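Chain by chain, the residues run as shown.
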Amino acid sequence: MKEFVEYILQFGNLNKQQIDLISKKGFELILHKDDYFSQAGKIARQVGFILEGITRVCYYNNKGEEITKYFIDENNLVVDIESFENEICSSAYVQAVTDCRLICFEKKDWQELLDTIIGWDTIVHKMIAKALIQKVERRSPLVSEDATERYMKFLKIYPNVANRVPLAYIASYLGITQSSLSRIRKNIR
Ligand SMILES: Nc1ncnc2c1ncn2[C@@H]1O[C@@H]2COP(=O)(O)O[C@H]2[C@H]1O
């Protein structure tokens, strides 16, 4: 919980009583590699904060191929925001790529904190805004045409991810085949 408290205090001030209230509602969740945090076709009912491990957001395209859309690593919030906020079914899966340890909040507790702690909504908005800006910064470089360049940018943007996730997920994230990615990796060594 200490890590989560440090994280939220970057976005605003809270007194001890408010921090205690937040801490009481959060619980530790262990996900094993390949477990789902939230699933397509279901409503996301939890917000997580990753203490250890990497998750990915993925979906199946109309050819039935699995596409990795996004990676989320340590010290980040993880939530299928559209599903969680609007209580609609997710169109994607959030899956543990490695074993993960998270601080987790149930929707009703998250809502209760929003209703009781003055200023918590501003902090939450700032946290979400930061995550979404980061997402744009991470996805925008992928429009560059050259696959080698895309991979080099990936290494820079996700320094903690590249060596900890299967190559197939990275290839899918970059929109290239696994054999192209292997060739690129050989050539840049
Ligand atoms: N920390 C995070 N930052 C950005 N997106 C996240 C995060 N955690 C989960 N997501 C989800 O990742 C999804 C990536 O694709 P979308 O833009 O459709 O919607 C995004 C969010 O629902």
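Per chain, residues are indexed from 1 in the order of the written sequence. Predicted model: local features are reported for residues with pLDDT of at least 70 only, side-chain atom pairs are reported and counted for 80 or more only, and whole-chain, interface and lining totals are derived from all residues. To obtain the side-chain values, all non-hydrogen atoms of the structure were used and water was disregarded.

The protein chain has the name Crp/Fnr family transcriptional regulator in an unreviewed UniProt entry, where Rhodocytophaga aerolata is given as its organism.

1. A look at unusual backbone geometry
Despite not being glycine, aspartate 34 shows a phi value in the positive range, around 80 degrees. The helix count covers DSSP runs of H or I at least four residues long, the strand count covers runs of E at least two residues long, and both are numbered beginning at the N terminus. Residue placement: aspartate 34 occurs in the loop between strand 1 (27-31) and strand 2 (36-38). The buried label goes to any residue with under 20% of its type's maximum accessible area, the exposed label to any with over 50%, and the partly exposed label to all in between, with areas taken from a 1.4 Å probe on protein chains only. Among the residues examined, aspartate 34 registers a relative accessible area of 37% and is labelled partly exposed.

2. Re the nonpolar core
Joining through side-chain atoms within 4.5 Å is the link that ties buried Ala, Val, Leu, Ile, Met, Phe, Trp, Tyr and Cys residues into a set, and such a set is a nonpolar core. Phe71, Phe154, Ile170, Tyr173 and Leu174 are the most contacted members of the largest nonpolar core, which totals 31 residues. Ranked by residues supplied to this core, first place goes to helix 7 (residues 167-174) with 5 residues. The domain boundaries here were taken from an automatic or database domain assignment. Formed jointly, this core draws a minimum of three residues from each of two domains, domain 1 (2-139) and domain 2 (141-189). Residue contacts follow a heavy-atom distance rule, with two residues in contact if any of their heavy atoms lie within 4.5 Å. With residues up to four places along the chain from it excluded, the contact list for phenylalanine 71 reads Ile54, Thr55, Arg56, Arg138, Phe154, Tyr158, Val161, Val165, Tyr169, Ile170 and Tyr173. Core analysis: the second largest hydrophobic core is formed by 24 residues, Phe11, Val47, Phe49 and Trp110 among them.

3. Thoughts on the pattern of salt bridges
Every case where a carboxyl oxygen of Asp or Glu lies within 4 Å of a side-chain nitrogen of Lys or Arg is listed as a salt bridge. The tally for this structure, following the rule as stated, stands at 11 salt bridges. Among the salt bridges present, the one from lysine 25 reaches aspartate 109, with a minimum N-O distance of 3.9 Å. Placement of lysine 25 in helix 2 (residues 16-25) and of aspartate 109 in helix 4 (residues 107-116) is noted, with a sequence separation of 84 residues between them. We classify lysine 25 as partly exposed; its relative accessible area is 21%. The salt bridge partner of glutamate 149 is lysine 153, with a shortest N-O separation of 3.8 Å. Here lysine 153 and glutamate 149 lie together in helix 6 (residues 147-157), a separation of 4 residues that amounts to about one turn. Since its relative accessible area comes to 32%, lysine 153 is described here as partly exposed.

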